[in-house]
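Commentary on secondary and tertiary structure
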Amino acid sequence: MSLLEVKPPAPQVLRVSDFDYILPEELIAQQPPAERGTSRMLVLNRALPPGEESLADRSFVDLPSHLNPGDLLILNDSRVIPARLFARRANPRGKQEPSGLIEVLLTHPDGAGNWKTLVRPGRKVRIGDRLEFESLNGSVVLEAEVTASGEFGERTLRFAAVEDFFATLDQIGHMPLPPYIKRSDQSGDRDRYQTVFAVERGSVAAPTAGLHFTPSVLEAIAARSVEIARLTLHVGLGTFAPLRVERLEEIRLHSERYTLPAATAEALNRARAEGRRIVAVGTTAVRTLEHCALAAANLPDGQLAAHSGETSIFISPGFQFRLIGAMLTNFHLPKSSLLMLVSAFAGRERVLEAYAHAVREQYRFFSYGDCMFIQ
């Protein structure tokens, strides 16, 4: 190499620790706001230079004014199921052992009657064990056998057939509030840990960016000639499982089920052809859309088509977005895959600056907290 030649800088190798930030515990929202839709909203404008000038403190009800006529807004209509259950282990004769309760979190259906779960304490639950789930009056309404075991408390359960499995969950299950909410679920969580447009049952955590919407806000958005379409991604371990590696290239997410309806695929194809902005509500909608766009890129016409499938897509800085032009998202946990996704869209340094601003301004964080609109 001559003296005039200069080596290009080596690409930065990002680690999970590069997505850490300091969050005072008192900013973790333990309850939803008293009235749905009254959350604060931090607006991040990517078209402006990084810094405080690119940030604006707003309210969620201002969202319609940040949308343009012709925008296509994509909602995730998955419905959270009461997936947190409590069981006792039965001995081979069918008589209950006088043991403590075992907590079971349903995470993913795995064939007829089978569910992937997380159990706690895992050391008590072995392959071949039978679990019994009781109603409030003490009668056994669900039974399951442990058929497989995995790391970190993962178990596969085969449930005995019942007339209506989801109706039974509604009877005995608890809303699966995340562990950073330091309280038991309450009756109000059945409504507030659910979007107003939730239809398709299957999520074990809420698509939280959608929790802010009210019918009146949706009406105001439609009145601005913004097109609204829906898809379904059932939130599972792929969204909220902790990352257990340090290098980003080693991260592998669990698969989550999704459905792209025909009407939504057609709306996306039209918006893309006409150069209209596609706005995703939540990281779940982002992941589904970008997964589908990657798949369509391999087709001769590159067009999106209605289908269902599973995605384990992991989006981190360096990812090339094909569909998304703006997103609404909540504030995410330090060192999480969701914070990495948001950083891929807006830039890691810029996102961490925005989070530092949110901490200074006392925004509320995580599932029941405030939101950020990135445009």
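All values reported here derive from a predicted model rather than from experimental measurement.

It is worth spelling out the sheet that holds strand E9 (residues 140-149) at this point. Pairing is antiparallel in the closed barrel, where 6 strands are placed in the order E5-E6-E7-E10-E9-E8. Taken over all neighbouring pairs, the strand axes of this sheet differ in orientation by 45° on average, direction set aside. Pairing of strand E8 (residues 130-134) with E9 involves 5 bridges; the strand directions are antiparallel. Paired with Arg-130 across the strands is Glu-145, a residue of E9. Along the sheet, helix H1 (residues 165-172) contacts strand E5 (84-90), strand E6 (102-109), strand E7 (114-120), E8, E9 and strand E10 (154-159); its crossing angle with E9, the most-contacted strand, is approximately 105°.

Moving on, we get to the nonpolar core. Among the nonpolar cores identified, the biggest contains 71 residues, and Ile-74, Tyr-193, Ile-278, Leu-289 and Phe-365 are the most heavily contacted of them. Among the elements that line this core, the one with the most residues is helix H7 (residues 337-346), at 7 residues. Contact partners of Phe-365, with chain neighbours within four places excluded, come to Tyr-21, Leu-23, Leu-27, Ile-28, Ala-29, Phe-331, Tyr-355, Ala-358 and Val-359. Core analysis: the second largest hydrophobic core is formed by 22 residues, Leu-85, Ile-102, Val-125 and Leu-157 among them.

A few words now on the pairing of E6. Counted residue by residue, E6 has 7 buried out of 8 residues, so it is predominantly covered. By the bridge criterion, 6 bridges tie E6 to E7 in an arrangement that is antiparallel. Within E7, the residue paired with Glu-103 across the bridge is Arg-120. Linking two consecutive strands that pair antiparallel, namely E6 and E7, is a turn of 4 residues; a positive phi of about 95° is found at Gly-111 within it.

In terms of burial, H7 is a largely internal element, 10 of the 10 residues being buried. Every buried residue of H7 is listed here: Ser-337, Leu-338, Leu-339, Met-340, Leu-341, Val-342, Ser-343, Ala-344, Phe-345 and Ala-346. The first or second residue beyond H7 is Gly-347, which carries a positive phi of 100°.

Our focus in this paragraph is the pattern of salt bridges. As enumerated under the stated definition, the model contains 18 salt bridges in all. Residues Asp-71 and Arg-277 are paired through a salt bridge, measuring 2.8 Å at the closest nitrogen-oxygen approach. Of this pair, Asp-71 sits in the loop between strand E2 (55-59) and strand E3 (72-76) while Arg-277 sits in the loop between helix H5 (262-274) and strand E14 (278-281), and the two are 206 residues apart along the sequence. Of the two residues, Asp-71 and Arg-277, both sit in the buried class.

To continue, consider the packing of H7 against helix H8 (residues 348-360). Interaxial distance between H7 and H8 falls to 7 Å at its minimum, and their mutual angle equals 115°. Considering only the axes of H7 and H8, their crossing is right-handed. Contacts between H7 and H8 involve Leu-339, Val-342, Ser-343 and Ala-346 from the first element and Arg-348, Arg-350, Val-351 and Tyr-355 from the second. Partitioned by chemical class, the residues of the contact of H7 with H8 number 5 nonpolar, 1 polar and 2 charged.

To continue, consider the sheet that holds strand E13 (residues 256-260). Spatially, E2-E1-E17-E16-E14-E3-E12-E13-E15 is the arrangement adopted by the 9 strands of the open sheet, whose pairing is mixed. In this open sheet, the two edge strands, each paired with only one partner strand, are E2 and strand E15 (307-311). The mean angle between the axes of side-by-side strands here comes to 25°, regardless of whether they run parallel or antiparallel. The pairing of strand E16 (residues 326-330) with strand E17 (residues 371-374) spans 4 bridges and is antiparallel. The residue of E17 that forms the bridge with Thr-329 is Met-372.

Attention shifts here to H1. For H1, the full list of buried residues reads Phe-165, Thr-168, Leu-169 and Ile-172. Along the axis of H1, the buried positions cluster into a sector of 105°, meaning they face one direction only. If you check the start of H1, you find a side-chain oxygen 3.3 Å away from the backbone N of Phe-166, and it comes from Asp-164.

Here we take up the packing of aromatic side chains. Geometry of an aromatic ring pair is reported as the spacing of the ring centres plus the angle between the planes. Scanning the entire structure with this criterion turns up 17 aromatic pairs. Each ring, one from Phe-331 and one from Tyr-355, has its centre 5.2 Å from the other, and the planes form 75°; the classification is edge-to-face. Note that Phe-331 is positioned in the loop between E16 and H7 and Tyr-355 in helix H8, a separation of 24 residues in sequence. What makes Phe-331 buried here is its relative accessible area of 1%. Residues Phe-365 and Phe-366 carry aromatic rings whose centres are separated by 6.2 Å and whose planes lie at 85° to one another, so their mutual orientation is edge-to-face. Residue Phe-365 shares its accessibility class with Phe-366, and that shared class is buried. Through pairs of rings, three or more aromatic residues link up here, namely Tyr-21, Tyr-180, Phe-331, Tyr-355, Tyr-363, Phe-365 and Phe-366. A cation sits over an aromatic face here: Arg-40 above Tyr-363, 3.9 Å from the ring centre.

To continue, consider the side chain of His-332. Looking at the secondary structure, you find His-332 in the loop between E16 and H7. Residue His-332 is classed as buried on the basis of its relative accessible area, which comes to 7%. Among the polar contacts made by the side chain of His-332, one reaches the side chain of Thr-329 at a distance of 2.6 Å. Polar contacts involving the side chain of His-332 include one to the main-chain carbonyl oxygen of Asn-330, which spans 3.1 Å. Excluding anything up to four places from it in sequence, His-332 contacts Tyr-21, Thr-283, Leu-338, Leu-339, Val-342, Tyr-355 and Phe-366.

Rules and cut-offs
Residues numbered from 1 in each chain as written. Predicted model: local features only at pLDDT ≥ 70, side-chain atom pairs only at ≥ 80, totals over all residues. Heavy atoms only, no water. Pairing = 2+ DSSP bridges. Helix = DSSP H or I, 4+ residues; strand = E, 2+ residues; numbered from the N terminus. Axes fitted to C-alpha atoms, helices over the stretch in contact; angles between N-to-C directions. Contact = heavy atoms within 4.5 Å. Core = buried A, V, L, I, M, F, W, Y, C linked by side-chain atoms within 4.5 Å. Buried < 20%, exposed > 50% of the residue type's maximum accessible area, 1.4 Å probe, protein only. Salt bridge = Lys/Arg side-chain N within 4 Å of Asp/Glu carboxyl O. Left-handed = near helix turned anticlockwise from the far one by under 90°. Nonpolar A, V, L, I, M, F, W, Y, C, P; charged D, E, K, R; others polar. Arc of directions from axis to C-beta. Polar contact = N/O pair within 3.5 Å; in protein donor to acceptor, adjacent residues only side chain to side chain. Phe/Tyr/Trp six-rings, centres within 6.5 Å; stacked < 30°, edge-to-face > 60°. Lys NZ or Arg CZ within 6 Å of the ring centre and 35° of its normal.

By themselves, these figures tell us nothing about what the structure is for.
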